Amino acid sequence: MSEGSKSGCCCSSQVGGTLSPQEQRLSWHEYFMGVAHLISRRATCTRGHIGAVIVRDNNILSTGYNGAPSGLPHCNDHGSGCHIYKSIHPDGTVEENCVSTIHAEINAIAQAAKHGVSIKDSDIYITASPCIHCLKVLINVGIKTIYYAKPYKIEHIAELVRLSGIRLEQVTMASNQPE
């Protein structure tokens, strides 16, 4: 029996043929963004589920999702949902944030710090572009590139991205990949 024809071999379809769309290998961007989407499913905020993955040299350093600080009640625990506070952006738009929730990016940074993992010169994959507050922290901790899936109030962070030199890139998942 040849190597490619052994039953149970996951590579058998590669011999003498092409891979089906379901068997195609993910790019690194698709892989890390897929991990961020999976992590977002742990989020406890009732307003949105965001996931973040901090990566350097194609290795995952830390992950985070939006939710309450450890040991404190989550938005989805107390039945009343998020406790919202409002602030006004310099352009007059109103920003609404949850008092109880720490954003995914900050939780990923906190997890790295808690475990003594340096994230300087790393990249982050986030299921949505960062808010202006998270962006400022990402700049300060030395993140080089922010990869995001969907834009979130991106016009509010454009000037800070430009001034800081941090890279901001949207990642789109291949249409044949399951979500």
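Residues numbered from 1 in each chain as written. Predicted model: local features only at pLDDT ≥ 70, side-chain atom pairs only at ≥ 80, totals over all residues. Heavy atoms only, no water.

All right, on to the sheet that holds strand E6 (residues 145-150) then. Whether parallel or antiparallel, the strands of a sheet pair through hydrogen bonds between backbone atoms. One open sheet holds the five strands; their spatial order is E2-E1-E5-E6-E7, and the pairing between them is mixed. In the strand order of this sheet, the two ends are held by strand E2 (59-65) and strand E7 (167-170), each with one partner. Here the strands of the sheet are splayed against their neighbours by 20° on average, with no regard to which way each runs. Judged from the six bridges that link them, strand E1 (residues 51-56) and E2 form a sheet pairing that is antiparallel. Across the sheet, the residue bridging to Arg56 is Asn59, located in E2. (Pairing = 2+ DSSP bridges. Helix = DSSP H or I, 4+ residues; strand = E, 2+ residues; numbered from the N terminus. Axes fitted to C-alpha atoms, helices over the stretch in contact; angles between N-to-C directions.)

Another point: helix H3 (residues 132-140). Listed in full, the buried residues belonging to H3 are Cys134, Leu135 and Leu138. Down the axis of H3, the buried set is contained in an arc of 105°. They therefore lie on one face. Buried residues belonging to H3 abut helix H2 (104-114), strand E5 (123-128), E6 and helix H4 (158-164). Looking one or two residues past H3, Gly142 carries a phi angle of roughly 90°, positive in sign. (Buried < 20%, exposed > 50% of the residue type's maximum accessible area, 1.4 Å probe, protein only. Arc of directions from axis to C-beta. Contact = heavy atoms within 4.5 Å.)

Attention shifts here to the pairing of strand E3 (residues 84-88). Here five bridges tie E3 to strand E4 (residues 94-98), and the two strands are oriented antiparallel to one another. Counted as the bridge partner of Tyr85 is Asn97 from E4. Between E3 and E4, which pair antiparallel one after the other, the connecting turn spans five residues, and Gly92 there sits at a positive phi close to 95°.

Here the focus is the pattern of salt bridges. Under the counting rule described, the total for this entry stands at three salt bridges. Here Lys144 makes a salt bridge to Asp121, at a shortest N to O gap of 3.4 Å. On the criterion of sequence distance, the pair formed by Lys144 in the loop between H3 and E6 and Asp121 in the loop between H2 and E5 is long-range, its members being 23 residues apart. Its relative accessible area of 39% is what places Asp121 among the partly exposed residues. Close ionic contact of Arg162 with Glu159 constitutes a salt bridge, the shortest N to O distance being 2.7 Å. (Salt bridge = Lys/Arg side-chain N within 4 Å of Asp/Glu carboxyl O.)

Time to look at the environment of Val117. Looking at where Val117 falls in the secondary structure, it is placed in the loop between H2 and E5. With a relative accessible area of 29%, Val117 lands in the partly exposed category. With 55 residues separating them in the primary sequence, Val117 and Ser62 have C-alpha atoms 8.0 Å apart. Every residue in contact with Val117, bar those within four places of it in the chain, is listed here: Leu61 and Ala112.

This next bit is on a nonpolar patch on the surface. Residues Leu26, Trp28, Tyr31 and Ile60 make up a contiguous nonpolar surface patch of about 370 Å² in total accessible area. Following the sequence through the fold, Ile60 ends up in strand E2. Owing to a relative accessible area of 38%, Ile60 belongs among the partly exposed residues under this scheme. (Patch = residues over 30% accessible without salt bridge, like charges linked within 9 Å, V, L, I, M, F, W, Y side chains within 5 Å. Areas by Shrake-Rupley, 256 points an atom, 1.4 Å probe, with all protein chains shown as cover.)

On average, residues of the chain score 84 in pLDDT, and 83% of them are at 70 or above. Scored below 50 in pLDDT, residues 1-13 shows eight contacts in the model against residues more than four places distant or in partner chains. (pLDDT = per-residue confidence, 0-100.)

Here the focus is helix H1 (residues 28-40). In an α-helix there are 3.6 residues to a turn, and that puts residues three or four apart on one side. When the terminal C-alpha atoms of H1 are compared, their 18 Å separation across 13 residues agrees well with the 18 Å that a helix rising 1.5 Å per residue should span. Among the residues of H1, Glu30, Phe32, Met33, Val35, Ala36, Ile39 and Ser40 are the ones counted as buried. Of the surrounding secondary structure, the elements contacted by the buried residues of H1 are E1, E2, E5 and E6. (Expected span 1.5 Å × (residues − 1).)

Here we come to the packing of aromatic side chains. Tallied over the entire structure, the rule returns five aromatic pairs. Here the aromatic rings of Trp28 and Tyr31 are separated by 5.9 Å at their centres, their planes lie at 80°, and the arrangement is edge-to-face. Of this pair, Trp28 and Tyr31 both sit in helix H1, separated by three residues, roughly a single helical turn. With relative accessibility at 44%, the residue Trp28 sits in the partly exposed group. Among the residues examined, Tyr31 registers a relative accessible area of 37% and is labelled partly exposed. Ring geometry for Tyr125 versus Tyr147: centroids 4.6 Å apart, planes at 20°, classification stacked. Of this pair, Tyr125 sits in strand E5 while Tyr147 sits in strand E6, and the two are 22 residues apart along the sequence. (Phe/Tyr/Trp six-rings, centres within 6.5 Å; stacked < 30°, edge-to-face > 60°.)

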